Amino acid sequence: MLTGFFQGLADLIYPKTCAACKKRLSDKSCVAGLICRECWGKIKRNLPPFCFRCGRHLEARNFSKNICPDCVKKALHFDRAFSPCRYEGVAKALIHELKYKNKDYLAEALSSLMIEFIREYRLPMDYLDFIVPVPLHKTRLREREFNQAEVLSKYIAAEFKKDLLPGALNRLRLTRTQTELAHHERFLNVKGSFSAAKGTEIKGKNILLIDDVLTTGATSSEAAYALKDAGAGVVFVLTLAN
């Protein structure tokens with residue numbers, strides 16, 4: 001009884017609010033005790049048909065080509081990318097809360113969207129050997145205190161019983177934040193910024209590379225290049241949003 005009393009008192013003083021809209025939550029109207037059902041329902045899903053490179057929804061005029069106009073112009077080093085959500089609205093707000101406001105506890109709910117997508121679209125998890133999160137530079141990791149890609153990866157690896165290799169990649173230098181840069185500058189910004197860690201046995205192995213967001217694909221492409229340069233086979237990318 002005392003536990004319930006103190007919990008009720010804590011809720012009165014510090015009421016739970018939705019991580020997206022900040023409205024007060026009740027136990028019956030939220031997802032994972034963190035996000036109101038209204039906001040959860042507003043998350044815009046990335047729907048097929050998908051570009052066979054970046055994984056974004058293809059507009060009708062590009063159906064016959066199976067590739068979006070942006071990817072036609074790029075040399076991307078990963079084999080395919082996938083994302084369950086569009087990087088806008090509620091999804092964008094929740095990713096910002098996770099990434100920039102130290103709310104790592106959102107990762108379980110958000111990773112469930114990625115897991116659901118894997119099952120719905122039958123991503124070939126049996127074909128993949130390892131899951132590798134895109135690393136942060138050590139300076140950025142100190143600032144944020146955790147790597148959001150690694151936290152998301154842990155839930156996915158556990159769900160599909162895959163080995164997680166958080167140390168497979170090194171971030172060699174501190175780059176400017178990609179959001180500050182123009183489209184073409186992003187590829188130059190991250191060029192040569194990753195290397196495979198010594199002693200990591202990825203030669204001939206197929207990898208699922210995890211990150212939070214894919215925009216231009218520059219970061220994921222450069223990370224995939226480092227993995228393939230070390231002998232990895234197929235490298236797929238899965239991000240929460242694109």
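Parameters and conventions
Residues numbered from 1 in each chain as written. Predicted model: local features only at pLDDT ≥ 70, side-chain atom pairs only at ≥ 80, totals over all residues. Heavy atoms only, no water. Buried < 20%, exposed > 50% of the residue type's maximum accessible area, 1.4 Å probe, protein only. Helix = DSSP H or I, 4+ residues; strand = E, 2+ residues; numbered from the N terminus. Pairing = 2+ DSSP bridges. Right-handed = clockwise from strand over helix to strand, strands pointing away. Axes fitted to C-alpha atoms, helices over the stretch in contact; angles between N-to-C directions. Parallel < 35°, antiparallel > 145°, perpendicular 65-115°, else oblique. Left-handed = near helix turned anticlockwise from the far one by under 90°. Contact = heavy atoms within 4.5 Å. Nonpolar A, V, L, I, M, F, W, Y, C, P; charged D, E, K, R; others polar. Lys, Arg positive; Asp, Glu negative; His and termini not counted. Salt bridge = Lys/Arg side-chain N within 4 Å of Asp/Glu carboxyl O. Polar contact = N/O pair within 3.5 Å; in protein donor to acceptor, adjacent residues only side chain to side chain.

1. Focus on the pairing of strand β9 (residues 235-241)
Most of β9 is tucked away: seven of the seven residues are buried. In the sheet, strand β8 (residues 207-213) pairs with β9 via six bridges, with the strands oriented parallel. Across the sheet, the residue bridging to Leu 208 is Phe 236, located in β9. Assessed by its sense of winding, the connection that carries the chain from β8 through helix α9 (residues 218-229) to β9 is right-handed.

2. Here we look at the packing of helix α5 (residues 107-120) against helix α7 (residues 148-160)
Interaxial distance between α5 and α7 falls to 9 Å at its minimum, and their mutual angle equals 45°. Considering their axes alone, α5 and α7 lie oblique with respect to each other. Handedness of the α5/α7 crossing: right-handed. For the pair α5 and α7, the contacting residues are Ala 107, Glu 108, Leu 110, Ser 111, Met 114, Ile 115, Ile 118 and Arg 119 in the first and Val 151, Leu 152, Tyr 155, Ile 156, Glu 159 and Phe 160 in the second. Grouping the amino acids of the contact of α5 with α7 by side-chain chemistry returns ten nonpolar, one polar and three charged.

3. Considering the side chain of Lys 74
Tracing the sequence through the fold places Lys 74 in the loop between α3 (69-72) and β3 (80-82). No salt bridge forms around the buried Lys 74; measuring N to O, its nearest opposite-charge neighbour Asp 70 is 5.0 Å away. Within the structure, the side chain of Lys 74 is placed 2.7 Å from the backbone oxygen of Thr 216, a separation counted as a polar contact.

4. Some remarks on unusual backbone geometry
Residue Pro 49 is bonded to the preceding Pro 48 through a cis peptide linkage, with omega at 0°. One non-glycine residue, Arg 122, lies in positive phi territory at about 50°. Relative to the elements of secondary structure, Arg 122 occurs in the loop between α5 and β4 (130-133). Residue Arg 122 is classed as exposed on the basis of its relative accessible area of 73%. The backbone of Glu 145 sits at a positive phi, close to 80°, despite the residue not being glycine. Mapped onto the fold, Glu 145 is located in the loop between α6 (138-144) and α7. Overall, the relative accessible area of 64% leaves Glu 145 in the exposed class.

5. Examining the pattern of salt bridges
Oppositely charged side chains may form a pair once their charged atoms are brought near each other. Tallied over the full model, the rule gives eleven salt bridges. Across the pair Lys 99 and Asp 212 runs a salt bridge, and its minimum N-O distance is 3.0 Å. With Lys 99 in helix α4 (residues 89-100) and Asp 212 in strand β8, this residue pair connects regions lying 113 residues apart in the sequence. Taking relative accessible area as the criterion, Asp 212 reaches 3% and is therefore assigned buried. A salt bridge links Glu 159 to Arg 119; the shortest N-O distance between them is 2.6 Å. In this pair, Glu 159 sits in helix α7 while Arg 119 sits in helix α5, placing the two residues 40 residues apart along the sequence. Given the relative accessible area of 37%, Glu 159 is considered partly exposed.

6. Things to note about the sheet that holds β9
The strands making up a sheet associate through hydrogen bonds between their backbones, and the pairing can be parallel or antiparallel. Ordered in space as β3-β9-β8-β4-β5, the five strands form an open sheet in which the pairing is parallel. Of all the strands in the sheet, just β3 and β5 (163-164) have a single pairing partner and so form its edges. Lying over the sheet, α9 contacts β8 and β9, oriented at roughly 160° with respect to β8.

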